[in-house]
Amino acid sequence: MRIVVVSDAWTPQVNGVVTTLRDLRSRLQAIGHEVNIIEPSLFRRLRCPGYPEIELAWGVSRQLAHFLDASGADAIHIATEGPLGLAARRHCRSQRIPFTTAFHSRFPEFLNAATGIPARWGYALMRRFHAPSSGVMVPSRGTCEILAAHGFRNLRPWSHGIDLDLFSPRARSVMPPWPRPMFLFVGRISVEKNLEAFLRLDLPGSKVVCGSGPLLDRFRARYPHVHWAGPVPRERLVDYYRAADSFVYPSRTDTFGLVMLEALACGTPVAALPVAGPLDVVGDSNGGILDLDLGRAALRSLDVPRECARARAMAFDWDVVAREFVSYLAPITEPRPLGPRPALEPVTRGARA
């Protein structure tokens, strides 16, 4: 099957959406599918206000329509609700081409936390975006329940997988001689991650944070006792996971929380709140502790056997996830005239506004 995925999130961005799509593409290709990603580097771009490391495509409608029409796609999947996602949705609807979408991020809660805009307004806009989709892929059952309560339809629970070869316990990595136990957080340093709930905890040992984001400088100055590692390449991140005694994840608004799964795969127990995301990744397994008291969860997680954490991660098999993704796609059955398939080359000259 020739699959086209349209995404506003792609490398060099570092986040769970990009990681998931990259791993998904690799696994789909491994089982015989052709996957083309239409992403921002193919267009003129501008920096996202408040998140300068994220570039958004603009003025894309005509070029994107050409890419889609000439792609010879058997199925089109719109992964994000940004400018590319909106343009792809508009084109598919005008041409009566079926498509699927995904709900990766709870932007209504992010906007509410950052600006005070009521979350229900954001959900109303998101519901309208996803309404024509043949299937809305949602990475956790907890998030499915939230969306259903907001009137979303055609929801398809679709979990995520993990590279169990890269993320593995093996020998525990050597880190600087920070006092033990080592409590780790990995993720964006931004308001939606509720990071201060972790930073304010009175815990023994050391707190280590890997990641970057708009609040990094502020939090680094406010919490000088925390070890701030900054952005860490994925291959090196494994060393932090393996070295940690507990992975503490304070977010209340993630749809899944892939970093929790990465930690579990490395044998590191997770401490998190009992909300959508952690309830699906950790659940009632023996791989971590979910508690409304995050500090208590962190301390209790120190007693979780590392082999139990690893065992929980092994339930998330990428082959199963990839085949489930394909089963949800909406095949394009009506023949359409196709021109030559366009070369998808990044725009490098005059690319940024």
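Residues numbered from 1 in each chain as written. Predicted model: local features only at pLDDT ≥ 70, side-chain atom pairs only at ≥ 80, totals over all residues. Heavy atoms only, no water.

## Regarding the state of the cysteines
Here comes step 1: On inspection of all chains with the given rule, the structure shows zero disulfides.
Here comes step 2: No disulfide involves Cys308; its nearest neighbouring cysteine sulfur is the one of Cys266, lying 16 Å away.
Here comes step 3: The partly exposed category is assigned to Cys308, whose relative accessible area is 26%. (Disulfide = S-S within 2.5 Å. Buried < 20%, exposed > 50% of the residue type's maximum accessible area, 1.4 Å probe, protein only.)

## Concerning the sheet that holds strand β9 (residues 182–186)
Here comes step 1: Across the sheet, six strands lie side by side as β11-β10-β9-β12-β13-β14; this open sheet has parallel pairing. Looking at the sheet topology across the chains shown, the edges are occupied by β11 (227–230) and β14 (288–290). Averaged over all pairs of adjacent strands, the angle between their axes in this sheet comes to 20 degrees, without regard to strand direction.
Here comes step 2: Pairing of strand β13 (residues 270–272) with β14 involves three bridges; the strand directions are parallel. Directly across from Ala271, in β14, lies its bridge partner Ile289.
Here comes step 3: On top of the sheet, helix α12 (residues 294–301) reaches β9, β12 (246–249), β13 and β14; it is set at about 165 degrees to β13, its chief contact. (Pairing = 2+ DSSP bridges. Helix = DSSP H or I, 4+ residues; strand = E, 2+ residues; numbered from the N terminus. Axes fitted to C-alpha atoms, helices over the stretch in contact; angles between N-to-C directions. Contact = heavy atoms within 4.5 Å.)

## Section: a nonpolar patch on the surface
Here comes step 1: On the surface, Leu111, Ile117 and Trp121 cluster together into a nonpolar patch covering about 310 Å² of accessible area.
Here comes step 2: Here Leu111 shows up in helix α4 (residues 107–115). (Patch = residues over 30% accessible without salt bridge, like charges linked within 9 Å, V, L, I, M, F, W, Y side chains within 5 Å. Areas by Shrake-Rupley, 256 points an atom, 1.4 Å probe, with all protein chains shown as cover. Salt bridge = Lys/Arg side-chain N within 4 Å of Asp/Glu carboxyl O.)

## Some details on the sheet that holds strand β2 (residues 34–38)
Sheet strands associate in pairs through backbone hydrogen bonding, adopting either a parallel or an antiparallel arrangement.
Here comes step 1: The six strands are arranged β2-β1-β5-β6-β7-β8 in an open sheet whose pairing can be described as parallel. Every interior strand has two partners, whereas the edge strands, β2 and β8 (155–157), have only one. Within this sheet the neighbouring strands show an average axis-to-axis angle of 25 degrees, counted without direction.
Here comes step 2: In this sheet, β8 lies alongside strand β7 (residues 136–138) in parallel orientation, the contact comprising three bridges. Directly across from Val136, in β8, lies its bridge partner Leu155.

## A few points about the pattern of salt bridges
Here comes step 1: As enumerated under the stated definition, the model contains 15 salt bridges in all.
Here comes step 2: Between Arg234 and Asp23 there is a salt bridge whose closest N-O contact spans 2.9 Å. Separated by 211 residues along the polypeptide, Arg234 in helix α9 (residues 234–243) and Asp23 in helix α1 (residues 16–30) bring together distant segments of the chain.
Here comes step 3: Of the residues examined, Arg234 reaches a relative accessible area of 24% and is grouped as partly exposed.
Here comes step 4: The salt bridge involving Asp239 is made with Arg236; its shortest N-O contact spans 2.7 Å. A residue pair is termed a helical-turn pair when its members lie 3 or 4 positions apart in one helix, as Asp239 and Arg236 do in helix α9 at three residues.
Here comes step 5: Taken together, the shared-partner salt bridges connect Asp23, Arg234 and Glu262 into one network.

## A word on the packing of aromatic side chains
Here comes step 1: For the structure on display, the rule yields 10 aromatic pairs.
Here comes step 2: Considering the side-chain rings of Phe185 and Tyr249, the 5.9 Å spacing of their centres and the 15 degrees angle between planes classify their relative orientation as stacked. On the criterion of sequence distance, the pair formed by Phe185 in strand β9 and Tyr249 in strand β12 is long-range, its members being 64 residues apart.
Here comes step 3: Through pairs of rings, three or more aromatic residues link up here, namely Phe167, Phe185, Tyr241, Phe247 and Tyr249.
Here comes step 4: Between the NZ or CZ atom of Arg44 and the centre of the ring of Trp58, over which it lies, the distance is 4.3 Å. (Phe/Tyr/Trp six-rings, centres within 6.5 Å; stacked < 30°, edge-to-face > 60°. Lys NZ or Arg CZ within 6 Å of the ring centre and 35° of its normal.)

## Here we look at the packing of α1 against helix α14 (residues 318–328)
When two helices pack together, their arrangement is captured by the angle between the axes and the distance separating the axes.
Here comes step 1: It is the contact of α1 with α14, at a shortest axis distance of 10 Å, that shows an interaxial angle of 85 degrees. Classed by the angle they form, the pair α1 and α14 counts as roughly perpendicular. Residues Thr20, Asp23, Leu24, Arg27 and Leu28 of α1 form the contact with α14, whose own contacting residues are Trp318, Asp319, Ala322, Phe325 and Val326.
Here comes step 2: For the contact of α1 with α14, the residue count by class is six nonpolar, one polar and three charged. (Parallel < 35°, antiparallel > 145°, perpendicular 65-115°, else oblique. Nonpolar A, V, L, I, M, F, W, Y, C, P; charged D, E, K, R; others polar.)

## What to know about unusual backbone geometry
Here comes step 1: Residue Pro12 follows Thr11 across a cis peptide bond; omega there is 10 degrees.
Here comes step 2: Residue placement: Pro12 occurs in the loop between β1 (2–6) and α1.
Here comes step 3: With an omega of 0 degrees, the peptide bond between Arg180 and Pro181 qualifies as cis.
Here comes step 4: Note that Pro181 resides in the loop between β8 and β9.
Here comes step 5: We note that Asn154 has phi near 55 degrees; this positive angle belongs to a residue other than glycine.

Honestly, it's all geometry; don't read function into it.
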